[in-house]
Amino acid sequence: MLKGAGARTVRFEPLAGGDDPFFNINTAGDLAEAANRLAPGVDDCLRPGPVRLTHEAALARLAARPLPLPPTTEVPLADALGRVLAGPVTAPRDVPAADTAAVDGYAFRHGDLDPAGGFFRLEARLAAGHPGQAALSPWAAARIFTGAVMPAGADTVAMQEDCASGIEDGVSVVRVPLSLRKGANRRRAGEDLTAGTRLLEPGDRLRPQDLAALASIGLDRIPVRARLRLGLLSTGDELLRPGLDQPRPGGLYDANHFLLAGLAAACPVTVTDLGICGDRRDALQLALGEAAAAHDLIVTSGGASHGEEDHLVAVLSALGQVEILDLAIKPGRRLVLGRIGDTDVIGLPGNPVAAMISFLLYARPLILRRAGATVTPPHRLMVAAGFSLPSRKTGRREFHRARLVPGPDGTLVADLYARSGSGLISSLRAADGLVELAEDVASVAPGAPVPFLSFAALGVPA
Ligand SMILES: Nc1nc2c(c(=O)[nH]1)N[C@H]1C(S)=C(S)[C@@H](COP(=O)(O)OP(=O)(O)OC[C@H]3O[C@@H](n4cnc5c(N)ncnc54)[C@H](O)[C@@H]3O)O[C@H]1N2
Ligand code: MOO
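Cut-offs applied
Residues numbered from 1 in each chain as written. Chains lettered and ligands numbered in written order. Predicted model: local features only at pLDDT ≥ 70, side-chain atom pairs only at ≥ 80, totals over all residues. Near = placed C-beta within 6 Å. Helix = DSSP H or I, 4+ residues; strand = E, 2+ residues; numbered from the N terminus. Nonpolar A, V, L, I, M, F, W, Y, C, P; charged D, E, K, R; others polar. Pairing = 2+ DSSP bridges. Axes fitted to C-alpha atoms, helices over the stretch in contact; angles between N-to-C directions. Contact = placed C-beta atoms within 7 Å. Parallel < 35°, antiparallel > 145°, perpendicular 65-115°, else oblique. Left-handed = near helix turned anticlockwise from the far one by under 90°. pLDDT = per-residue confidence, 0-100. Bend = angle between axes of the 7 residues up to and from the residue. Buried ≥ 20, exposed ≤ 12 C-beta atoms within 10 Å, placed from the backbone. Arc of directions from axis to C-beta.

Q: Honestly, the site of ligand 1 in this entry has me stumped. Any pointers?
A: Surrounding ligand 1, one finds 25 residues, the nearest of these being Asn256, Gly302, Ser305, Pro349 and Gly350. For the shell around ligand 1, the secondary-structure elements that each account for two or more residues are helix H4 (255-264) and helix H7 (352-370). Ranked by the residues each element gives to the shell around ligand 1, the list is headed by H4, at three residues. Residue composition of the shell around ligand 1, by class: seven nonpolar, 13 polar and five charged.

Q: Looking at this model, I keep getting lost on the sheet that holds strand S23 (residues 343-348). Mind explaining?
A: Strands belonging to one sheet form pairs held by backbone hydrogen bonds; the direction of such a pair is parallel or antiparallel. Within the open sheet, the six strands sit side by side as S18-S15-S19-S23-S22-S20. Their pairing is mixed. Bordering the open sheet on either side are strand S18 (269-277) and strand S20 (321-326), each of which pairs with just one other strand. Strand-to-strand twist in this sheet, taken as the mean axis angle between neighbours without regard to direction, amounts to 20°. With five bridges joining them, strand S19 (residues 297-301) and S23 adopt parallel strand pairing. Across the sheet, residue isoleucine 298 finds its bridge partner in S23, namely valine 345. Across the sheet, helix H6 (residues 312-319) touches S19, S20, strand S22 (334-340) and S23, and the angle it forms with S22 is around 25°.

Q: Can you help me understand the packing of helix H5 (residues 281-294) against H6 in this one?
A: In a packed pair of helices, the relevant descriptors are the angle between the two axes and the axis-to-axis distance. Taken N-terminus to C-terminus, the directions of H5 and H6 make an angle of 50°; their axes are 9 Å apart at the nearest point. Of the possible angle classes, the one that applies to H5 and H6 is oblique. Our pair here, H5 against H6, has a crossing hand that is right-handed. Counted together, Arg281, Leu284, Gln285, Leu288 and Gly289 of H5 and Leu312, Ala314, Val315, Ala318 and Leu319 of H6 form the full contact between these two elements. The class makeup of the residues in the contact of H5 with H6 is seven nonpolar, two polar and one charged.

Q: I would appreciate a short explanation of unusual backbone geometry in the present structure.
A: Backbone torsion omega between valine 95 and proline 96 reads -10°, so that peptide bond is classified as cis. Counting through the fold element by element, proline 96 comes out in the loop between strand S4 (89-90) and strand S5 (100-101). For the peptide bond that leads from lysine 330 to proline 331, omega is -5°, which places it in the cis range. Relative to the helices and strands, proline 331 resides in the loop between strand S21 (329-330) and S22. Phi angles above zero are rare outside glycine, and tryptophan 139 is one such case at about 60°.

Q: Where do I start with the pairing of strand S24 (residues 381-385) in this structure?
A: Looking down a regular strand, the side chains alternate between one sheet face and the other. Judged from the four bridges that link them, S24 and strand S28 (residues 449-454) form a sheet pairing that is antiparallel. Paired with alanine 384 across the bridge in S28 is proline 449.

Q: Explain the sheet that holds strand S11 (residues 171-175) to me, please; I cannot follow it from the model alone.
A: Strand order across the open sheet formed by six strands is S9-S6-S8-S7-S11-S10, with mixed pairing between neighbours. Both edges of this open sheet fall to strand S9 (156-159) and strand S10 (164-168), since each of them pairs with a single strand only. On average, each strand axis in the sheet is inclined to that of its neighbour by 40°, with strand direction left out of account. Summarising the sheet, strand S6 (residues 105-108) and S9 pair through four bridges and their orientation is antiparallel. Bridge pairing in S9 places phenylalanine 108 opposite threonine 156.

Q: Honestly, the confidence of the model for the protein chain in this entry has me stumped. Any pointers?
A: Atomic detail in the predicted coordinates should be set aside for any region of low pLDDT. On average, residues of the protein chain score 91 in pLDDT, and 89% of them reach the 70 mark or higher. In the predicted structure, residues 1-28 sits below a pLDDT of 50 and forms 50 contacts with residues beyond four places in sequence or in another chain. For the stretch residues 34-48, pLDDT sits under 50, and the model shows 13 contacts to residues farther than four places along the chain or on other chains. Here the prediction assigns the complex a pTM of 0.87, and the interface score ipTM is 0.95.

Q: Looking at this model, I keep getting lost on H7. Mind explaining?
A: For an α-helix the count is 3.6 residues per turn, leaving residues at separations of three or four pointing the same way. Considering bend angle alone, the principal kink of H7 is centred on phenylalanine 359 and spans about 50°. In terms of burial, H7 is a largely internal element, 18 of the 19 residues being buried. Positive phi shows up at glycine 372, right after H7, with a value of about 95°.

Q: Can you help me understand H4 in this one?
A: Along H4, the positions that sit buried rather than exposed are Asn256, His257, Leu259, Leu260, Leu263 and Ala264. For H4, the buried positions fall inside an angular range of 170° around the axis, keeping them on one side. Of the surrounding secondary structure, the elements contacted by the buried residues of H4 are strand S15 (228-235), S18, S19 and H7.

And the structure:
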């Protein structure tokens, strides 16, 4: 009946509660959803398994998703950390602007060194921020301090620890080592940046070291993309908010809100807490419809799978567009992407482990791209397996929570968290990152090299 995903629309009988009858089939995930709708109540394990998207295919699909960009604005340098640059930055001048001393000592002309036998008359004292006016006289040296502009004519600095200074016949003199090469202990003008160097590109996210470079060229107003307005919505009748709700039978505290708000805080967004929405279709439709009007992005957790209590897909298809990515990965088997007007909606799984991993692998790159940032894949470090998986089910990619410990020879070894449950917040706390096992890995021997994605590389704030 349904053979393969294509761009098709299938008409369904309205579901209980008057759902919209249309559903677009563009992906294998849509197909799975369609199968679910055509055979409601049939247990997952009795239906033929849906075709799942590979991790790489999911990333490619996310990268191809057309995204509107936030407007451009200007911020003072002091507020630019983490912001997305809206235009290129070119150095208008050399940094440093002049040749300076790299050490405290004595500046002289290298050509004078041998003729003077390393023995110079001292004629000036030059401190940082106080450039001298006069050029250095022949066979003379200047007392100079780190960062001070070199006097005209001088090209070499002797470190004060290597020199002897004193008074001879009422004249201040200094003896410097004869072995110094020309240009020793001198910093050249432009050695960090030369005028005209392109130092930042549009889409770069400004790191502390980038702010240092911008400061070094004297830039104060920085063109950046406006922060995205991101709304966070937790879904589930069971959810409680610490401090707001009393514990009750069947209740569970909304951990995901705090997890996702913390992860989003490291993105160029302003996070709004949209609270908790119960498992009711009308309530979810109202919450998402209202939130979409005031946000560029909405991230939800929970309520995204096939269950009767999971309304996200139906609500998104009623309010706008929806794409379901059923993924050949573990954990985080499903990701829901929606669009309501210009607002992107990302539906993450409810289990905290799956929510965090899906956020880091898929939602974060999408958020960054929507914010105008250039996204590069996270570095995978090769580390030694501190575990053994003699036989593993192939065909899906697994991300295992792992801690890095130094092995006997100093090589980092990845130890897996002992339990794999997707609800174990403890495992996220104990881990330094994720061991990634590709689809075709059938076994892992202890000590074998395995790719490791550190939480830092994935953008988890410290
Ligand atoms: N028949 C099937 N059932 C399930 C499947 C499946 O493929 N077939 N997949 C399982 C997996 S894996 C996951 S992950 C979940 C995803 O389901 P939802 O995204 O609809 O999430 P919920 O069912 O709402 O919640 C799952 C789990 O997580 C807890 N949760 C939800 N929100 C929060 C929160 N804010 N803070 C803390 N914990 C939260 C919730 O209580 C559930 O225990 O579906 C499986 N089932
Ligand atoms: O795959 Mo679920 O999304 O593991 O926890």
